[in-house]
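Listed here are the chains, written in short residue letters.
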Amino acid sequence: AAEHGGQPAPERVLFPPTFSVSEIKNKQRRHFMFLRWKQQQRKEKLAAKKQRRKEREALGDKAPPKAIPKTIENQRVYDETTVDPNDEEVAFDEATDEFAPYFNRQTVPKILITTSDRPRGRTVRFCEQLSTVIPNSHVYYRRGLALKRIIPQCIARDFTDLIVINEDRKIPNGLVLSHLPEGPTAHFRMSSVRLRKEIKRKGKEPTEHVPEVILNNFTTRLGHSIGRMFASLFPHDPQFIGRQVATFHNQRDYIFFRFHRYIFKSEKKVGIQELGPRFTLKLRSLQKGTFDSKFGEYEWIHKRREMDTSRRKFHL
């Protein structure tokens, strides 16, 4: 106190400004200090947000426009294969590709849904619920029959698409989608599968009406092809009276599937009910022709070490 003119000595600073929490040796103390630091960060962020709001209210119409937050999506690396809807080359490819007969209304989708060899209960229930989402689909549980023998039988019975649900440790973990009779074939990794009974606040069972299909954010040539594959699973003319919609939403190359029913509350307000099932897909490969694991020609293969070098690089 004598050194400070009779005043009490100031409190000693425990941590210098350059000190890092990671330097604390004690694990519990380090965790406690980290949580306290995060809490302080949140308080400062909230205070700054309130201050900006007060300034905007004070300025009124003269307030500057809100800054657009930086996200991984709007900072995406430019992809030269991004599709322009008015591109003549893209229009020509659409008119001559394997899905053209469907979009020209020359063929009606007929889907066969099958599984890996001897599926377990969860995969069986998932296939049954998926068949109620996709109209004109049939479920077949195979036992020891090779996929290469199933494809010729599907073509002979006028099936337009084959869906194979693979499983690992009793959980569905993969989906193979093959367009018949000439391909292509896409292989997806499946995750976050939720059956109807596992979805909170779900609606009643879906009806037999043909649903609408929404494809979001399939912007590149590869994504355009995948979107057309999904679209060709559903009949071209939806029955709007059923108020059901199937959504394939691509975000950061993850394809989220949701199945909803919308309800008109008024002329301006619409509510939605999720019907299920729901799942997430990640494209692993796109192969020309029908399924052939040994001699098939691949258009695109996901190579994790080469392609996942940047978080802002997307392929769909």
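What counts and what doesn't
Residues numbered from 1 in each chain as written. Predicted model: local features only at pLDDT ≥ 70, side-chain atom pairs only at ≥ 80, totals over all residues. Heavy atoms only, no water. Pairing = 2+ DSSP bridges. Helix = DSSP H or I, 4+ residues; strand = E, 2+ residues; numbered from the N terminus. UniProt positions renumbered as here; feature names shortened; annotations may be inferred. Buried < 20%, exposed > 50% of the residue type's maximum accessible area, 1.4 Å probe, protein only. Contact = heavy atoms within 4.5 Å. 1 Å grid on protein atoms, 1.4 Å probe; cavity = no way out; pocket = protein on both sides within 12 Å on 5 of 7 lines; lining within 4 Å. Points joined across faces, edges and corners; volume = space filled by probe spheres on them. Nonpolar A, V, L, I, M, F, W, Y, C, P; charged D, E, K, R; others polar. Expected span 1.5 Å × (residues − 1).

### With respect to the pairing of strand β5 (residues 185-194)
Move 1: Looking at chain direction, strand β4 (residues 171-179) and β5 are connected through five bridges and run antiparallel. When the sheet's bridge partners are listed, Ser178 is paired in β5 with Thr185.
Move 2: Across eight bridges, the pairing between β5 and strand β10 (residues 278-287) is antiparallel. Counted as the bridge partner of Ser191 is Thr280 from β10.

### Some words on the UniProt feature "domain: Brix" (unreviewed entry) in the chain
Move 1: The UniProt entry lists residues 109-292 under the feature "domain: Brix" (unreviewed entry), expressed in the numbering used here.
Move 2: A distance of 22 Å separates the end C-alpha atoms of residues 109-292, which is 18% helix and 41% strand.

### A closer look at the environment of Lys38
Move 1: By the secondary structure assignment, Lys38 is in helix α1 (residues 27-59).
Move 2: Judged by its relative accessible area of 35%, Lys38 falls in the partly exposed class.
Move 3: Between the C-alpha atom of Lys38 and that of Phe126, which follows or precedes it by 88 residues, the distance is 41 Å.

### Describing the environment of Phe234
Move 1: Along the polypeptide, Phe234 turns up in the loop between α6 (221-231) and β7 (244-251).
Move 2: Owing to a relative accessible area of 1%, Phe234 belongs among the buried residues under this scheme.
Move 3: What Phe234 contacts, discounting residues up to four positions off in sequence, is Tyr102, Pro109, Val133, Ile134, Pro135, Pro211, Val213, Ala246 and Phe248.

### A look at the layout of surface pockets
Move 1: Put simply, the largest pocket is a space of about 430 Å³.
Move 2: Lys49, Arg52, Arg53, Arg56 and Lys66 are the residues nearest the centre of the largest pocket, which is lined by 14 residues in total.
Move 3: Along the lines of polarity and charge, the residues of the lining of the largest pocket split into six nonpolar, no polar and eight charged.
Move 4: Size it by volume and the second largest pocket reaches roughly 310 Å³.
Move 5: Considering the residues around the second largest pocket, the lining is formed by 15 residues, among which Asp93, Asp97, Glu98, Arg221 and Ser225 are closest to the centre.
Move 6: Contributions of two or more residues to the lining of the second largest pocket are made by α2 (88-96) and α6.
Move 7: Of the residues in the lining of the second largest pocket, the class split is four nonpolar, three polar and eight charged.

### Topic: unusual backbone geometry
Move 1: Residue Pro181 follows Leu180 across a cis peptide bond; omega there is 5°.
Move 2: Of the consecutive residues Gly276 and Pro277, the connecting peptide bond is found in the cis state with omega at 0°.
Move 3: The backbone of Arg105 sits at a positive phi, close to 65°, despite the residue not being glycine.
Move 4: The topology assignment puts Arg105 in the loop between α3 (100-103) and β1 (111-115).
Move 5: Located in the positive-phi region is Asn217, a residue other than glycine, with phi close to 70°.
Move 6: For Asn217, the location among the structural elements is in the loop between β6 (212-216) and α6.

### Points about helix α4 (residues 121-133)
Move 1: With 13 residues, α4 ought to run about 18 Å at 1.5 Å a step, and its terminal C-alpha atoms sit 19 Å apart, in line with that.
Move 2: Of all the residues in α4, the buried ones are Thr123, Val124, Phe126, Cys127, Gln129, Leu130 and Val133.

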